[in-house]
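Per-entry structural report
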Amino acid sequence: NGTTRQRPPKSSAAAPKGSTTTPGFVSYLIYAVVNIIISVPGLYGYSSIIFNHPVFADYMNVLPKLVIFSSCIHQLGFTLFSSLPFAIGTVQDAGLIFLSAMSNIIAEEILNSGGTPEEVLSTTLVLLPMGTACLGLVLMLMGRFRLADAVAYLPMPVVGGYLAFIGYFCLMAGTALCISESMMDLKDWAYLLDPHHLLLAIPGLLTGLLLTYISRNAKSDAALPLAMVFIPALFYVIIFATGAGIEGARKGGWVGEEMPAVPVKDLFHLIDFSLVHWRLVSKILATWIGMVFVVSFASCLDVAAISMDMGEALDVNRELATVGIGNLMSGCLIGFTGSYIFSQTIFTYRTGCRSKWVGIFIMIMFVAVVATRINFLSVLPLFFLGGEF
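Residues numbered from 1 in each chain as written. Predicted model: local features only at pLDDT ≥ 70, side-chain atom pairs only at ≥ 80, totals over all residues. Heavy atoms only, no water.

**Quick word on the pattern of salt bridges**
Per the counting criterion, the structure on display carries 5 salt bridges. A salt bridge links R146 to D315; the nearest nitrogen and oxygen atoms lie 3.5 Å apart. Taken together, the residues span a long stretch of sequence, with R146 in the loop between α4 (117–144) and α5 (156–179) and D315 in the loop between α9 (281–310) and α10 (316–332) at a distance of 169 residues. Judged by its relative accessible area of 33%, D315 falls in the partly exposed class. Two residues, E247 and R250, come together in a salt bridge whose shortest N-O distance is 2.7 Å. Here E247 pairs with R250, and both are found in helix α8 (residues 245–251), just 3 residues apart, close to one helical turn. (Salt bridge = Lys/Arg side-chain N within 4 Å of Asp/Glu carboxyl O. Helix = DSSP H or I, 4+ residues; strand = E, 2+ residues; numbered from the N terminus. Buried < 20%, exposed > 50% of the residue type's maximum accessible area, 1.4 Å probe, protein only.)

What follows is the structure in structure tokens.
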């Protein structure tokens, strides 16, 4: 994963523990911008994982905005309820496989029974957020009754296997985004036997390796966001210097197809409740149960990682309940599962910006991204978005 499992950059601006120096308002804004630069491309990638069935292709001008809005709601939950004023939380990787599996089950069941894409969309945008809200309630109850320790009884081979599969799944999803093809099975790697697909995929793989190396070894907190600005900027310089331009890059498959802009007011008019197949709740129930176990475990790991970096004990049950509140809020507003982004939370902590203002600025910027009529899949290089994984 490009954002949630990286080692945070070593900040040269971090205030030492016990320091009375407080960063100014401008610093809060700057580091909020840095967090947005890191988050937004990854969230576009996450949307391509959740909605990776071909039936959703015509809606990819709007679905990423729902994921970003959902991240705004998660951040609101952390800003209001976390014991850490610098906490960063968005839609994250722990639930992606399960959300993707559920959306594919829904799509296949409806299409195989002669249903329409509109029925698939409405059902998916009701049942996935409903599952997210129910997950939130479970996590809140676990925190309330101090059951976080019970998560430790999950067998480590199971947890290790799941984490390994997350890595494989994100690699496959990132590659699929690079080549603009749906990849869901092992046999789909055969797409890379096509020379053009391979050409589109290689820059994404190299981008992923570069960003991983920078995130693990950079001594400056500016290195990763600067790299994430430099890579697409270099791409634009090359395509315009060669005369290809954005349309030439689009024809070559380097950027996504142009799609009509979607006004914000239309985001919440995507669902027709008369088209929802409620019977499919039973089909996705087992997947949802697996998601509860994995998201709760991953959230506890995130809190433990933050606690270790801070050198201070945190109340894991309280923070798990906070994650639950964020998921409940998100699910009630057509959102998806999320949790702490521990790498960005630690990064913000190390900068000394230990204020809720960072989270407030991040929410404002998320709303601005949702409100803009720009579809970033149509302007950003796909290999960059795929490499974010």
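**A word on a nonpolar patch on the surface**
A cluster of nonpolar residues, M130, F273, W278 and V281, forms a patch on the protein surface that exposes about 390 Å² of accessible area. On the secondary structure map, W278 appears in the loop between α8 and α9. (Patch = residues over 30% accessible without salt bridge, like charges linked within 9 Å, V, L, I, M, F, W, Y side chains within 5 Å. Areas by Shrake-Rupley, 256 points an atom, 1.4 Å probe, with all protein chains shown as cover.)

**Some thoughts on the layout of surface pockets**
Here the largest pocket is characterised by a volume of approximately 690 Å³. Lining the largest pocket are 29 residues; nearest its centre among them are A57, M60, L177, S180 and E181. Within the residue set of the lining of the largest pocket, elements represented by two or more residues are α1 (25–50) and α5. Among the elements that line the lining of the largest pocket, the one with the most residues is α5, at 6 residues. When its residues are assigned to classes, the lining of the largest pocket shows 18 nonpolar, 8 polar and 3 charged. (1 Å grid on protein atoms, 1.4 Å probe; cavity = no way out; pocket = protein on both sides within 12 Å on 5 of 7 lines; lining within 4 Å. Points joined across faces, edges and corners; volume = space filled by probe spheres on them. Nonpolar A, V, L, I, M, F, W, Y, C, P; charged D, E, K, R; others polar.)

**Some points on the packing of aromatic side chains**
Under the criterion given, the structure shown has 13 aromatic pairs. Between the aromatic rings of F25 and F361, the centroid separation amounts to 5.3 Å while the plane-to-plane angle is 75 degrees, which identifies the pairing as edge-to-face. Pair noted here: F25 is in helix α1 and F361 is in helix α12 (residues 356–371), with a separation of 336 residues, a long-range link. Residue classification places F361 among the buried residues on the basis of a relative accessible area of 12%. The interplanar angle of 70 degrees and the centroid separation of 5.9 Å between the aromatic rings of Y31 and F347 together place this pair among those described as edge-to-face. A residue pair is termed long-range when its members are at least 10 positions apart, and Y31 in helix α1 and F347 in helix α11 (residues 342–350) qualify at 316 residues. Classification of Y31 by relative accessible area gives buried; the value is 13%. For F347, a relative accessible area of 2% translates into the label buried. (Phe/Tyr/Trp six-rings, centres within 6.5 Å; stacked < 30°, edge-to-face > 60°.)

**A word on the environment of P41**
Structurally, the position occupied by P41 is in helix α1. Remark: the alpha-carbon pair of P41 and F69, spanning 28 residues in sequence, is separated by 14 Å. In this structure, P41 is in contact with I36, M228, F384, L385 and E388, ignoring residues within four places of it in sequence. (Contact = heavy atoms within 4.5 Å.)

**Side note on unusual backbone geometry**
A positive phi is found at S180, a non-glycine position, where the angle reads about 60 degrees. In this fold, S180 is placed in the loop between α5 and α6 (195–217). Relative accessible area serves as the criterion here: at 48%, S180 is assigned to the partly exposed category. The backbone of I334 sits at a positive phi, close to 55 degrees, despite the residue not being glycine.

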